[in-house]
Each structure stands twice: as structure tokens, then as C-alpha cells.
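Architecture at a glance
Here are the chains, one letter per residue:
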Amino acid sequence: MAMKRRDFLIVGAALGAAGLGALSGCSPTEGAPARAEGGTPGRHWGFVVDVEKFNRVADMDKIRSVCAQAYNIPSIDDPKEEIKWIWEEPFEDSFADMDEAYLPDAVKESGVPVLCNHCEEPPCVRVCPTQATFKRKDGIVEMDYHRCIGCRFCMAACPYGARSLNFSDPAKHLDHVNPDFPTRTRGVVEKCTLCSDRIDRGEAPLCAEASNGSILFGDLNDPDSDVRRALAQSFSIRRRASLGTGPSVYYVLKGVEEHA
Amino acid sequence: MYKGKRIVAFAVVFCAVVLMPFWANAFGASASSGPEVSTDTPAINQMDEKQCVAQTEYMKSSHMQMLDQWRTDVVRNGSREYTSDSGQVYEKSLDGTCLGCHSNKEEFCDACHDYAGVDLYCWDCHDGSAS
Amino acid sequence: MLEKALHGSKGYYVWIAVLLLAIAVGVAAYANQLMNGLTLTGMSRDVSWGLYIAQFVFLVGVAASGVMVAIPFYLHHYQSYGKIVIIGEFMAVAAVLTAVLFVVVDLGQPMRVLNVILFPTPNSMLFWDMCVLSSYLIVNLVIGWTVLGAEKKGFPPPKWTHVLSLIAIPLAVGIHTVTAFLFSGLAGHDYWLTAIMAARFLASAFAAGPALLVVLCLILKKTAGFDVPRKALDSLAKTVCYAMIANVFFFLLEVFTAFYSNVPGHKAPLEYLFVGLDGHGQLVPFMWVATALAAIGIFLLLVPKFRHNYKTLVPALMAVFFACMIDKGLGLVLGGFVPNTFEQVVEYAPNINEVLVILGVYGIGFLVLTVLCKVAVGVRAKEIAPAREHGADGDAAAAACEEPAAS
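Residues numbered from 1 in each chain as written. Chains lettered and ligands numbered in written order. Predicted model: local features only at pLDDT ≥ 70, side-chain atom pairs only at ≥ 80, totals over all residues. Heavy atoms only, no water.

**Quick notes on the overall build of chain A**
Going by this rule: The helix and strand labels rest on DSSP assignments: H or I over at least four residues marks a helix, E over at least two residues marks a strand, and numbering proceeds from the N terminus. Classification of residues uses two cut-offs on accessible area relative to the type maximum, computed with a 1.4 Å probe and protein chains only: under 20% is buried, over 50% is exposed, and between them is partly exposed. Residues are treated as being in contact if the distance between any of their heavy atoms lies within 4.5 Å. Per-residue and other accessible areas were derived by the Shrake-Rupley procedure at a 1.4 Å probe size, with only the shown protein chains allowed to occlude residues.
Along the backbone of chain A there are 11 helices and 10 strands. Considering chain A as a whole, with its 260 residues, one finds that 54% of them fall into the buried category. Across chain A, the fraction of contacts at a sequence separation of at least 24, relative to all contacts at a separation of at least 6, is 65%. Accessible surface, chain A as shown: approximately 11,700 Å² in total, 52% of it carbon and sulfur.

**What about the overall build of chain B?**
What counts here: Here the globule rule is a power law, 2.2 Å times the number of residues to the power 0.38, and the radius of gyration is based on C-alpha atoms. Under the convention used here, Asp and Glu are negative, Lys and Arg are positive, and both His and the chain ends fall outside the count. Working definition for charges: the position is that of NZ of Lys, CZ of Arg, CG of Asp or CD of Glu.
For chain B, the helix and strand inventory stands at 7 helices and 2 strands. Each helix (α) and strand (β) of chain B, taken in turn from the N terminus, gives the series α-α-α-α-β-β-α-α-α. A compact globule built from 131 residues should have a C-alpha radius of gyration of about 14 Å, whereas chain B, at 22 Å, is more than 25% larger. Across its three principal directions, the C-alpha atoms of chain B cover 70 × 35 × 35 Å. Relative to its full complement of 131 residues, chain B shows a buried share of 26%. Considering only residue pairs separated by 6 or more positions, chain B has 50% of its internal contacts joining residues 24 or more positions apart. Placing the 10 positive and 18 negative side-chain charges of chain B at their respective mean positions leaves the two points 18 Å apart.

**Digging into the packing of helix 9 (residues 230–261) of chain C against helix 11 (residues 284–302) of chain C**
All names here are of chain C. Let me state the cut-off plainly: Fitted lines through C-alpha atoms give the axes, limited to the stretch in contact for helices. The angle between two N-to-C directions lies from 0 to 180 degrees. For this classification, under 35 degrees means roughly parallel, over 145 means roughly antiparallel, 65 to 115 means roughly perpendicular, and everything else is oblique. Take the far helix as your reference; a near helix turned counterclockwise from it by less than a right angle gives a left-handed crossing, and one turned clockwise gives a right-handed crossing. Throughout this entry, Asp, Glu, Lys and Arg are counted as charged residues, while Ala, Val, Leu, Ile, Met, Phe, Trp, Tyr, Cys and Pro are counted as nonpolar. The remaining residues, Gly among them, count as polar.
One way to put it is that helix 9 packs onto helix 11 with a least axis distance of 9 Å and a crossing angle of 140°. By the criterion of interaxial angle, the relationship of helix 9 to helix 11 is oblique. Between helix 9 and helix 11 lies a crossing of left-handed hand. Listed contacts from helix 11 to A237, V240, C241, M244, I245 and V248 of helix 9 are A294, I298, L301 and L302. Each residue belonging to the contact of helix 9 with helix 11 can be placed in one class, and the counts come to 10 nonpolar, no polar and no charged.

**Details of the nonpolar core**
Quick note on the threshold: The criterion is simple. A nonpolar core is a set of buried Ala, Val, Leu, Ile, Met, Phe, Trp, Tyr and Cys residues joined through side-chain atoms within 4.5 Å.
Within the largest apolar cluster, 210 residues are counted, with the highest numbers of intra-cluster contacts made by C:I87, C:F183 and C:W192. For this core, the leading source of residues is helix 8 (residues 197–224) of chain C, giving 19 residues.

**A few points about a negative patch on the surface**
Which entries qualify depends on this criterion: Patch definition: residues with relative accessible area over 30% and no salt bridge; like charges joined within 9 Å; nonpolar side chains (Val, Leu, Ile, Met, Phe, Trp, Tyr) joined within 5 Å. Each reported salt bridge corresponds to a side-chain nitrogen of Lys or Arg within 4 Å of a carboxyl oxygen of Asp or Glu.
Together, A:E92, A:D97, A:D99, A:E100, A:D105, A:E109 and C:E343 line one region of the surface with negative charge. Looking at the element boundaries, A:D105 is found in helix 5 (residues 105–108). By relative accessible area, A:D105 is classed as exposed at 51%.

**What about the packing of aromatic side chains?**
Let me state the cut-off plainly: We call Phe, Tyr and Trp rings a pair once their centres come within 6.5 Å, taking the six-membered ring for Trp, and we label the pair stacked below 30 degrees between planes, edge-to-face above 60, and tilted otherwise.
Counted by the stated rule, this structure contains 29 aromatic pairs over all chains. Summarising the aromatic geometry, the rings of B:W70 and B:Y82 are spaced 5.3 Å apart at their centres and angled 55° between planes, so their arrangement reads as tilted. Of this pair, B:W70 sits in helix 4 (residues 56–77) while B:Y82 is found in strand 1 (residues 81–83), placing the two residues 12 residues apart along the sequence. Looking at B:W70, the relative accessible area reads 5%, which means it is buried. Judged by centre distance (6.4 Å) and plane angle (55°), the ring pair of C:F183 and C:F201 falls under tilted. Here the residue C:F183 occupies a position in helix 7 (residues 159–184), and C:F201 occupies one in helix 8, the gap between them amounting to 18 residues. Overall, the relative accessible area of 0% leaves C:F183 in the buried class. Residue C:F201 is classed as buried on the basis of its relative accessible area, which comes to 1%. An aromatic cluster is built from A:F153, C:W49, C:F183, C:W192, C:F201 and C:F337, whose rings are joined through pairwise contacts.

**Observations concerning the sheet that holds strand 8 (residues 215–219) of chain A**
Residues and elements named next belong to chain A. Note the following rule: Two strands pair if DSSP finds at least two bridges between them.
The 4 strands lie next to each other as 8-1-10-9, forming an open sheet whose pairing is mixed. At either end of the open sheet lies a strand with only one pairing partner, and these are strand 8 and strand 9 (236–237). Set on the sheet, helix 10 (residues 226–233) makes contact with strand 1 (45–50), strand 8, strand 9 and strand 10 (249–252); between it and strand 8 the angle comes to about 115°.

**Remarks on the interface of chain C and chain A**
Using the following cut-off: We define buried area as the total accessible area lost by two parts upon association, computed with a 1.4 Å probe and summed across both.
Contacts between the two partners involve 42 residues from chain C, matched on the other side by 50 residues from chain A. Roughly 3,800 Å² is buried in total at the junction of chain C and chain A, and carbon and sulfur atoms are behind 53% of that figure. When the buried area of chain C at its contact with chain A is split by residue, C:R45, C:F119 and C:F342 rank highest and sum to 22% of it. The interface formed by chain C and chain A holds 1 salt bridge in total. A salt bridge links C:D106 to A:R152, with the shortest nitrogen-to-oxygen separation between them at 2.5 Å.

**A look at the side chain of C:T179**
Residue and element names in this part refer to chain C. The following threshold applies: In the analysis that follows, any N or O atom pair within 3.5 Å is treated as a polar contact, provided that within protein one partner can donate a hydrogen and the other can accept it, and provided that, for residues neighboring in sequence, both atoms belong to side chains.
On the secondary structure map, T179 appears in helix 7. For T179, a relative accessible area of 0% translates into the label buried. Of the polar contacts made by the side chain of T179, one reaches the side chain of D129; its length is 3.1 Å. Sequence-distant contacts of T179, that is, excluding residues within four places in its chain, are made with F56, V57, V60, D129 and F201.

**Comments concerning the state of the cysteines**
Residues and elements named next belong to chain A. Rules: Any cysteine sulfur atom paired with another within 2.5 Å is treated as part of a disulfide.
Counting across every chain of the model gives 0 disulfides over all chains. Left without a disulfide partner, C158 is nearest to the cysteine sulfur of C124, which lies 6.3 Å away. Here C158 falls in the buried class, since its relative accessible area comes to 10%.

**With respect to the side chain of C:R307**
All names here are of chain C. Among the structural elements, R307 can be located in helix 12 (residues 304–308). For R307, the side chain forms a polar contact with the side chain of D234, separated by 3.1 Å. Sequence-distant contacts of R307, defined by excluding residues within four places in its chain, comprise D234, A237, K238, L300, L301, L302 and L313.

**Notes on unusual backbone geometry**
Of the consecutive residues C:V338 and C:P339, the connecting peptide bond is found in the cis state with omega at -10°. Tracing the sequence through the fold places C:P339 in the loop between helix 13 (310–335) and helix 14 (352–384). Its identity is not glycine, yet A:L194 carries a phi of approximately 55°, on the positive side. With respect to the helices, strands and loops of the structure, A:L194 is situated in the loop between strand 7 (189–190) and helix 8 (196–200).

**Description of the packing of helix 9 of chain C against helix 13 of chain C**
Residue and element names in this part refer to chain C. Running from N to C, helix 9 and helix 13 cross one another at 35°; their axes reach a closest spacing of 11 Å. Helix 13 is crossed by helix 9, and the crossing has left-handed handedness. Together, R230, L233, A237, V240, M244 and N247 of helix 9 and Y310, L313, L317, V320, A323, C324 and D327 of helix 13 make up the contact between the two elements. Partitioned by chemical class, the residues of the contact of helix 9 with helix 13 number 10 nonpolar, 1 polar and 2 charged.

**Looking at the pairing of strand 8 of chain A**
Put simply, side chains in a regular strand alternate between the two faces of the sheet. Residues and elements named next belong to chain A. Along strand 8, 4 of the 5 residues are buried, which leaves the element largely enclosed by surrounding structure. Relative to strand 8, strand 1 is paired through 5 bridges, and the arrangement is antiparallel. Counterpart to G46 in the pairing with strand 8 is G218.

Okay, here's the thing in C-alpha cells:
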């Protein structure tokens, strides 16, 4: 055999490369589209929060607990590691960039529900290196917990603070597990799913159902939907819309007129 | 050869150790007979025709690929219905469809996974009722 | 050639033992983090990147600085850099490796890291960062090793290494530009959302990296008799000086834009860093120390009398190095998260486990650097005086650089 050491190494490297190529063919998602296709095309699901009514009739604790029970959201006391899908923040903090000095007290002192805005141009989707977070055809920004590597780029990119990392095993912070929805593992990011599983079954999101009518849900593309009619009638704002994210959660300030 | 004896001696010892599984099968007691997998669950016993979502042989060899594809379909593509070769429609759901029939995780899933030395973490998040 | 790293003086073995100990501690701490999650760090939902990513950003800069030696040498045939270009390349290898390790330890699900390759996502800057960082690492390692191998045999290096060296130049600029894009492309953090970010990153890198390189060369000269032309070190010191001036200038541009425009979002992070915001100001002392270090460093480097004297040159370079480390490591990454999306100030302090992991990662980085320098110096020493082979060692390669590991 006249094969020299150098040739042997070259052949070996070539074979190794071929083996790697064959391995990549075993990719479990081979044939699956790289981009998500889910959701009904043409729809654009969104929320309209009636701020005044929300403060009058809604029970945030109830909304949070309905959401948490259905989606197995752990309750963690440490504010640094809290998992938040929907929660209440003061109006002034949520709309800090508005900086209006003489708002009516009713607005100034009100709280608003905040959640993932399911943006039209979601920064989290743009930055995710694995497409673990993606946008469905109906506008819902979804998470694939199987694929998330926990780099938290999305948390840095989200201008709404709507994303939470499972800093530790969430199972430790769950009293009761709903077997119909998976729990999460530590090290992955999670957020509100806009109840995409319920929407796929033709049901409304839980927070809208539990809000005593203060959170409207519907198709923003449909001019006859509840949400569009509400928006046509009143003055509405969105959080940090100037960033170009196109939030799908609107806040109606009817209270301004009533209290003025 | 430089230190030839030692090299040969260690080569023999190395081969003996590395080929241990073959020695065990060739000279040892009977080779392992494979896992005992049970399909004895209330849901399966009630079925007139005991039929999974695909042929048994395919399920044995490729259920993991199918589950992986289902996962991608449901999570990413919003496709939740699976039509089997026999035309029957199933929900693509590990919790609902698979574990609905195969409710005996220990005798069915674990029996084979343990035998094959496969360590899964599906159940860390799915089928909370079992935990 | 690796055998050169297996023999050394007593000091060399002690230094290696110290590094191995640091690595062991780091590995244990990381195992702890793997078992319990990132809850063992000081990070939170508001400050979601901490010291790990800060070290990553800083070290990418150190790695990119190899180009400050490569451009004069390969493009302008500045022969004085002939001796140190290999040290620059090996320092880049160690720095990139350490930087990438910091990203890995930062991940919540590190075993899934290959998803970045399995699902390539061109719209994510992290994907591009992976591409340029891995290319830069491989290119530098291949060039350095091949050139040294040829030198050992007494041959001129093969032609293709020269081509690779030219490819490494845009890659060096690329790694730091893309790393800056990780931050400057994010709406919602006003401190990061600035077009000058990449330029600022490069200026800071070209100050901190060559500063470390000069100190490294001086240590190798002292401990291993590594031959460095005085002219090369002086040129590098000038590079450090001008790059640091550019770095400070770019930073002052940010200060002007924020405060003259009077836009609250742009002022808030700077206020947080330098005077404190809403009663929170744990980074204030660090930033003023960095400011003082930058001023001292620039002054000493500008005056030829001080620059030519090793007794003042080394402190000047260290001052510049640590000023950049604080500015880019602590200030830039942590400051960008303040205030949070609800205009509240949430602070970050590293956890002890996190610090031990950092220690371990730096241990790995310094081990790689030490071994590579030992090999380089060993090959050179043989070339010059074969009898010296056993005495040559790069043990203190990192002795003076021990401090960054502790910070």
C-alpha cells in the first residue's frame, strides 16, 4: 500500500465531512417548513382594553388566576424571576413616554392590564436565532418551547417587558397542574400566547372572557368586529407605538371624555 | 518495536474490555430477550379492532419521528388533525391521543425506553396528571 | 509543537496548576448552574443579561484587536510587527474562545445550542455573530499554527496563509461590528439604539486589545526572553493611545446628543451610570473610576517620555484596558437595561456562583493563551538558541492579566 500519511488524512477528512453531511440529513424536522404557517390567514387578532371600564368592573386577580390555571403559569414571589403573561401596571408607567402632566386623576391613577402585544413587526421574532418565537398568519406571536435555547435576546428586544425566563424549574412553583396544557422546563422563555389553542378551537381568550367586558377581543382586519367598532368610536392609544412594532393591544380612553 | 511487548499487551487488554458486550453475548448467559411491552389498558381493551394511528411496525420504529413531526405541525403550523392510512382522523396530541390509549406509561413507554437506554424529558412538561 | 507546552520552569507549572484549579472551580459552579438554572445568577426579567454577556462583548473586542497588528504587517509590510503578529493571532484565538464560552454559559438551555445551526436564521444578528466568530477563530488558529510550524522547520510560511491573513482582517472588523449590532438594533433601549455603537465598539477594542498585547509581550520578554522590538511596542502604544482618544470622543458624542437634545430616554441611562437614577447608583463609582483611568491612560500614553518608559507604559496600558472593560463590560450592557420598559430602575448584582463560573471561563481562556504563547516562544527560542529550549516558558503570559479574571 503506497498510501502516504498525508493522503490518508485527506481521505479521512473527506469521509468525515461526508458523514457529517449524512448526519445533517437526519435532522428531525427535515421537510418541515422553516417558517410557521399556523393560524388563519387574513385574520389579525387583537385586544381593545376599555381603561375606565377595566378599572370599574374587572378583577385583575381573577383574570390572572384563570390564565395561570389554564396555562400552568408558576407563581413566583421573587419579582426578579416572576413569570408574567398578563398583569396590571400603573397607567403612568405603562405609557411613560406620554408624559402628560395634567391628565384627569381617573386616568392618572388607573391601572392597565399589560401583556404581550402580539406586534405586527415583532422585534422578538426578528432577533430569535432559532425561530423559537415566530408569528402565525393570524398575527399571534407564538413560542416553540422545544426549540428555545434560552439566550434571552428576545427579552432584551421586547420593548414591553412581556417576556419571562424560567430561571428555575417552574414545576416547583405550581400548586395544581392542568394536564391539558404542557408545563415548561427551566431555561426557556415564555409569554402570553393570546390563547392560540382556544382560538384554534373557535373560543375567545380567557382574559377577555374573565374581564366582565372590559377587554374586547376580535379580528382587527374585520371592520365589523367588536374591536374595530370600539376603536372607531373612541380615542385609543397603544404602548410605545412610535417604535414601529405595531402592537395589537389597544387602550381606549373613554374615561377622558366622561370625567372631563 | 520500541516497547513492543507492552504495546501488544495493552492492545490485547483494550480489545478485551472494549469487546465486552460481544463476550457477554457469546459466552455468557442467554442474550437479552428484549423488553416486554404491554398494551393492556382499559381504553385499548375496549376497542373492537386494536389499531394505532399507524401500523405497529412503523410505530415501533418511527414513533419518535412522527411525534416530532406532530409537534412541529401543532406548535408551529397550527395543523392539529392527523388522518391515518385507514382514513380515521386523530388529534395530533401526545397527551390526548397517544396517552389516552397508552395510559400505562411504565409498562408501555418506559419498558422499551429503559431497555434501549433512552432518557426522555417529554414527560417533564407533558401529561402533568402523571407527575 | 504542542510538546513545548509540556516542559517549563517551576513558575510555569505553578501558574498552570492555578489555572487548572480555577477551571475546576468554574466547572463545579457551572454544573451547579446546569442543575438549578439561571436562578443562580443575579440576572432578572428586567436585567436579562449580566456579567456573562458583558465579558463576551469585551472579549470580542480584545479578539478583534489582532487586526491592529495584522493590517500594518500584512498590508503595509511594517516589518517590526513580524515578531508579534503571531502573539496577536494567538491572543485573538484565546479571546474568541473565551467569548464564545461566555455565551454558552449564559444560555438557559445550553444543550440545544446547535439549534442555531440546525435552524439558521439570517434575520437574527446572533446567527451572524456565530458565523463570523467561528470563522475568525478557525482562521486565526490555522494561520498561527501553520506559520509557526513552517518557522520551526525553517521554511517560509505557505502562500495561502497570507491569503487567510487578508481574510482575517475584515472578519476582525466583522466580529465586533456584528456584536455591536446585537445591541444597536434593539428598539426600546435608548442607550443601545445608536448608530455609533459599532464604531465605539471598534475604537474601544483597538485600545484595550493592543494594550493587553503589549503587556503580554513584555511579560514574555521578561519571563521567556521573547524578543520584541522596542519599536513595535512603541507603535502599538501609539495605536492604543489614538484608539482610546477616539473611544472617549465617541462616548462624548453620545453625551452631547443625549443632554443637548434633552430627550429623557437618552439621558436616563447616562444619568444612571454617572450620578444615579431614582436613588439607584451602584455603577456610579465604577464609571468614575473608568473615567479617571481613561484620563490617566491617555495622558501617560500621549507624552513620549512616559510612553517610552516601561515603568509608566505598563500602568498606562493597564489603565486603558480596565477603563474599556468597565465602560463596555459593565456600563454598556448593564446600563442599557436601565430604566426598564416601565421606567423603573431594577439593578443587577452578580451572584457568587456566577462569579465562580466567570473565574473558570477565564481560567480556560488563560490556559489556552498560556499554552499557545508557550509554544510560540518555545519555537522561537529554539530557532534563535536551541540550548535555551527548556528554559523558555510563557508562564507569566497571564500573570499580569490575572486581574481581569478577578474582576
